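# Breakdown of the fold
The residues making up each chain are set out below.
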Amino acid sequence: MALLLPLSRSSSSSVRKMKAKESNYDPNIHRLPWYGGWVLLALVALCGTVSYWSFFYLPPALTAADLDQQPLAFNGARAWDTLTHLDALGPKTTGSRANEVRAVEVLEREFSLINASHHPAQQVLYEKQIVSGQYGINFFGSQMTSVYRRVQNLIVKLVGAEDRHALMLNCHFDSVASSPGASDDCGSCAVMLEILRVLSRAPERNRHSIVFLFNGAEETPLQASHGFITGHRWAREVRAFLNLESAGSGGKELLFQSGPQHPWLIEAYSRAVRHPFGQAIGEEIFQSGLIPSDTDFRIFRDFGHVPGLDFAHIFNGYRYHTRYDSVQFLSPAVLQRTGDNILSMVRLLANGNQLANGDDGRSKGSMVFFDFLGLFFISYTTNEGTVLNIVVSIAGLVVGCWSVLAVVGWSNWRSMGREMLHGFVATLVGSGAGIGLNLATAYGMDRIVDRSMSWYSSCWLVVGLYCVSVMMLLFIAHREFHRLFSKSKTVLSLTLTVQARIVGVFLFWALLTIGATVYGLRSAYVIAIMLTLALFSMTLTALLKLQSFPGGYWLIIYLLVHSVALLWTTQFYHIFTNIFIPITGRSGANDNPDLIIGIVAAACTIFTTSFLVPLVNLLRKPYRTIGTLFVLFLAALALGTVSSFGFPYTGPGTSPSDAPKVQRILVQHTVRQFYEPNSTQTLRSADAGYLFRLWDRHNERTVRDVLEKQSPGKGASALEPTELPECKREVFCGMPGSAIRFTSLWSPQLNRPNTPDMVKLSLDRWEVVRRNANGSSVKLTTSLNGSFQSTILVRPRRNVRLTGWNLTPDVPLKLAAAGHKAYFLLITHGLAGEPVPLILDLETDRQSDTVEPLVDISVTSNFWEYHEHFTEEFSRFVASFPNWAHVVPSVTVVNVYTF
């Protein structure tokens, strides 16, 4: 008996441990029925729908009937009336009568009405600035010198009680060719006019003055704003600005740029706005150059050194810079929402201390800012964001591990670590496989079946082609890791195993958050907010001790909290697809757009669903859910490749709701004239043709098809400008600079355009400044005659250097493209004016009496909205494009001189 007693105690202890382990097992290993997977998919769809609705929701506009009850409120109907008058003018390119005369008349009439109805306590001042200037700028990787002559700014000042500091509001009333510019940017001008009208009728003056800048040359680009901020006396009073822009057509205005280094502006926005919509990630994306657009914000920031906020309407980018950017496809609600927000901002800043104290210590540092479904707005400094990101990342891992180990004992940390590692690796492998499949699908859609951009009009195809597939592979990765690596005997029940793997998913995102934070990306907040919600869920589960509760209450809490996370994450899918899908219609012909959308969709899908994916192991028959996703993927693939849904473009419908999603076609009826050396009168050769800029992946096919219908063989004979034989000797192949910078096609034509006017170069003087044994210095004085938009390319010959010119203090860098290099000038005329002098200081290693040329100068004149001078043949050609194509026709003259 003495020998048996210890044995009995040991056996009893073992039995108790085994029972303790067995108590952690789920009697029903697969707790959820197979259709639970469909419930998870439905939850994602539901939350995505709610965030989509909030994304597009606009408050109703006030009407004329509301004026009596709310006389000092922004009235969308009144602003809409102004917009319709501007929209009726049609396209308003800088230099055109529509922009320089008729638009100015409309705005000045509004100014007169406002001045006649303002309260006696208010003082409203108006000045018209006709300004000329020049500056150097790098525009999307292209170094150029921007020259403007006699462009117009219409400036109204609402004088404050303390007339020392001013807040500025800016819009532009010019538009690109062929577009009325209702959203870009006449709608913003209508908003500013209504704000001016409301404030001018208030019985008390604002503390600070408010300057309203209506500029007439933004699309040229960004020239009139430079004229104001560097040359107008009121600009010296401006302490901050609000820039109202558009990169789409309607919808909410997005706060997408701020500062720089003035966090008080974001704080003011947070306090003032009624309907917030701003994301710091938008600022980082825009300033990275991924979006082919820029705004006057850059000019005020870089040349005026003034802080500000940049707002833009980003929805429906399909209509941006097309004839469909008109009031037909907008609503007064767009103006009402923007006006409510901006008026609140103006009232706060114009009556607060911020403008007077803008340069104090609060002017340092950047801000992290975001809204949640437009319900509220949060902002904090980048230092606070760094601390928050790191604390949340570490705390989530600690709480997640503690939640599981509190049930099974800390001695089982190896089991916990193993399952957490499985969750991390499965997420990593599934994400990589999903991205890989998307890249393969994108390649196949483009190269194999030739159906890239099948989602351009049918945006829902992105979900089937590039979201469902990623979710499917995430499910497979987690399910197979569970099947292959789970131990049959473990202290962790299935419920705790799944929770441990969720901690592994948390680890995946925590590492990304910390990495982005260390790299200095403020956008890390996007992940940190999701991790905060996951941390809240794990903390709540642990505190209530529901980790292994048999009723599955932890899962209910988890799904409820994660529903909020889904509302947060799905909104970024809507933001990114609404931005990037339309951009693929103007991002160029060389890159496969499906690769871009495939990567964006994969990232959004992983971000949205990764915390739900481990739940697949709670399902009885998980491959039914996986099979459902596979069927949806195949269905989307079939619709995108063999059905009409996969055709990228749609023409205008019968109602405003049938908004077109068009292909952009830019065609320039071009004549090229090459002059004899040292002559501006005698031609050595000339030819003509159609020059096409290829905006998207399918432009070339459309252009060749239409050319072929015009004349058999024309489609096949069109070639890239760089393939022309004269490329070896002529500056930029004797083409406009844009033809070499961007993918283009050239189709030689016998019919020459009608060109009653053009910018011509005259040689005024050739002076040898210095001559010695080492070479000589020459001053070449020329004049550019003609008040039209033009571009100039200056190419010094070999062993010749441009050491100075009359345009800027320093000689800029050369524009380089396709092996060609030249100095690039863009010259814009508003009102007609005097010739533009161009004086070049050249140094050469040769003696000045040699006959070899020193410099080539190419002068390109661009004539937009020139329909009355089109030839009949060109007009027929433009009309022959299908109705889903938005054609921007113009006449171009290229004169090439050699001196």
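Residues numbered from 1 in each chain as written. Predicted model: local features only at pLDDT ≥ 70, side-chain atom pairs only at ≥ 80, totals over all residues. Heavy atoms only, no water.

## A short note on the packing of helix α12 (residues 413–448) against helix α13 (residues 460–485)
Helix packing geometry: the angle between the two helix axes and the distance between the axes. Packing of α12 against α13 leaves a shortest axis separation of 8 Å and a crossing angle of 145°. Note on packing geometry: the crossing formed by α12 with α13 is right-handed. Across the contact of α12 with α13, the residue classes break down as 16 nonpolar, ten polar and no charged. (Axes fitted to C-alpha atoms, helices over the stretch in contact; angles between N-to-C directions. Helix = DSSP H or I, 4+ residues; strand = E, 2+ residues; numbered from the N terminus. Left-handed = near helix turned anticlockwise from the far one by under 90°. Nonpolar A, V, L, I, M, F, W, Y, C, P; charged D, E, K, R; others polar.)

## Observations concerning the packing of aromatic side chains
Applying the stated rule across the entire model yields 53 aromatic pairs. Both rings, one in Phe572 and one in Phe576, keep their centres 6.2 Å apart while their planes meet at 40°; by these two values the pair is tilted. With Phe572 and Phe576 both in helix α16 (residues 553–583) and four residues apart, this pair spans about one turn of that helix. A single burial state applies to Phe572 and to Phe576, both of which are buried. Taken together, a centroid distance of 4.9 Å and an interplanar angle of 80° make the contact between Phe870 and Phe874 edge-to-face. The same class applies to Phe870 and to Phe874, which are both buried. Across the ring face of Trp34, the terminal group of Arg624 is positioned such that the distance to the ring centre comes to 4.8 Å. Its guanidinium or amino end placed over the ring of Trp695, Arg693 lies 4.1 Å from that ring's centre, counting from NZ or CZ. (Phe/Tyr/Trp six-rings, centres within 6.5 Å; stacked < 30°, edge-to-face > 60°. Buried < 20%, exposed > 50% of the residue type's maximum accessible area, 1.4 Å probe, protein only. Lys NZ or Arg CZ within 6 Å of the ring centre and 35° of its normal.)

## Concerning a nonpolar patch on the surface
Taken together, the side chains of Ile435, Leu439, Leu595 and Ile599 make up a nonpolar region of the molecular surface, amounting to roughly 280 Å² of accessible area. Elements supplying a minimum of two residues to the nonpolar patch: α12 and α17 (593–609). On the secondary structure map, Leu439 appears in helix α12. (Patch = residues over 30% accessible without salt bridge, like charges linked within 9 Å, V, L, I, M, F, W, Y side chains within 5 Å. Areas by Shrake-Rupley, 256 points an atom, 1.4 Å probe, with all protein chains shown as cover. Salt bridge = Lys/Arg side-chain N within 4 Å of Asp/Glu carboxyl O.)

## Describing the state of the cysteines
Covalent bonding between the sulfur atoms of two cysteines is what defines a disulfide. Counted under the stated rule, the structure contains two disulfides. Residue pairing for Cys171: its cysteine sulfur links by disulfide to Cys189, the two sulfurs lying 2.2 Å apart. Every disulfide takes its handedness from the sign of the S-S torsion; for Cys171 and Cys189 that torsion is 105°, giving right-handed. With Cys171 in strand β3 (residues 162–172) and Cys189 in helix α5 (residues 182–200), this residue pair connects regions lying 18 residues apart in the sequence. Each of the two residues, Cys171 as well as Cys189, counts as buried. The partner cysteine of Cys727 in its disulfide is Cys733, sulfur to sulfur 1.9 Å. A torsion of 110° about the S-S bond marks the disulfide between Cys727 and Cys733 as right-handed. Comparing Cys727 with Cys733, the two get one shared label, buried. The thiol of Cys47 is not disulfide-bonded; the next cysteine sulfur, from Cys467, is found 15 Å away. (Disulfide = S-S within 2.5 Å.)

## Quick look at the sheet that holds strand β13 (residues 760–772)
On the basis of which strands lie adjacent, the open sheet formed by four strands has the order β13-β14-β19-β16 and antiparallel pairing. Two strands close off the open sheet at either side, each with one partner strand: β13 and β16 (800–805). Taken over all neighbouring pairs, the strand axes of this sheet differ in orientation by 25° on average, direction set aside. Here β13 runs beside strand β14 (residues 775–785); their pairing, made up of eleven bridges, is antiparallel. Bridge pairing links Arg770 to Ser777 in β14. (Pairing = 2+ DSSP bridges.)

## Considering the nonpolar core
Where a protein is soluble and globular, its nonpolar side chains tend to be buried together. Within the largest apolar cluster, 196 residues are counted, with the highest numbers of intra-cluster contacts made by Phe212, Phe214 and Tyr525. Ignoring anything within four residues of it in the chain, the contact list for Phe212 reads Leu154, Ile155, Val156, Leu158, Leu169, Met192, Ile195, Leu196 and Leu199. Counting 45 residues, the second largest nonpolar core, distinct from the first, contains Leu222, Cys727, Trp746 and Ala822. (Core = buried A, V, L, I, M, F, W, Y, C linked by side-chain atoms within 4.5 Å. Contact = heavy atoms within 4.5 Å.)

## Observations concerning the packing of α13 against α17
Interhelical geometry of α13 versus α17 gives an angle of 45° and a closest axis separation of 9 Å. Compared by their axis directions, α13 and α17 come out oblique. You can see that α13 and α17 cross each other, and the crossing is right-handed. Seen from α13, the contacting residues are Val462, Tyr466, Cys467, Val470, Met471 and Leu474; seen from α17, they are Asp594, Ile597, Gly598, Ala601, Ala602, Thr605, Ile606 and Thr609. Across the contact of α13 with α17, the residue classes break down as ten nonpolar, three polar and one charged. (Parallel < 35°, antiparallel > 145°, perpendicular 65-115°, else oblique.)

## Quick look at the domain arrangement of the chain
The domains assigned to the chain are domain 1 (64–133 + 152–356), domain 2 (382–645) and domain 3 (663–898). Between the C-alpha centres of domain 1 and domain 2 there is a distance of 41 Å. Across the boundary between the two partners, domain 1 contributes 15 residues, which contact 20 residues of domain 2. Between domain 1 and domain 2, a total of about 1,600 Å² is buried, with carbon and sulfur atoms accounting for 60% of that surface. The interface formed by domain 1 and domain 2 contains two salt bridges. Its salt-bridge partner being Arg522, residue Glu284 comes within 3.9 Å of it at the nearest N-O pair. On the surface where domain 1 and domain 2 come into contact, there are seven residue pairs in polar contact (both at pLDDT 80 or more). (Domains from an automatic or database assignment. Buried area = accessible area lost by both parts, 1.4 Å probe. Polar contact = N/O pair within 3.5 Å; in protein donor to acceptor, adjacent residues only side chain to side chain.)

## Overview of the layout of surface pockets
A volume near 1,100 Å³ is recorded for the second largest pocket. As for the second largest pocket, its lining consists of 42 residues, and the residues nearest its centre are Cys459, Trp460, Val463, Tyr573 and His574. Looking at the lining of the second largest pocket, the elements that each hand over two or more residues are α2 (36–56), α13, α16, α17 and α18 (622–642). Of the residues belonging to the lining of the second largest pocket, the class tally is 26 nonpolar, 14 polar and two charged. (1 Å grid on protein atoms, 1.4 Å probe; cavity = no way out; pocket = protein on both sides within 12 Å on 5 of 7 lines; lining within 4 Å. Points joined across faces, edges and corners; volume = space filled by probe spheres on them.)

## Observations concerning the environment of Ser209
Within the secondary structure layout, Ser209 lies in strand β4 (residues 208–215). The class of Ser209 is buried, set by a relative accessible area of 0%. Sequence separation between Ser209 and Ala166 is 43 residues, and the spatial gap between their C-alpha atoms is 4.6 Å. Discounting residues that sit within four places of it in the chain, Ser209 has contacts with Lys157, Leu158, Val159, Gly160, Glu162, Asp163, His165, Ala166 and Leu167. Within the structure, Ser209 has its side chain in polar contact with the backbone nitrogen of Gly160 (distance 2.9 Å).

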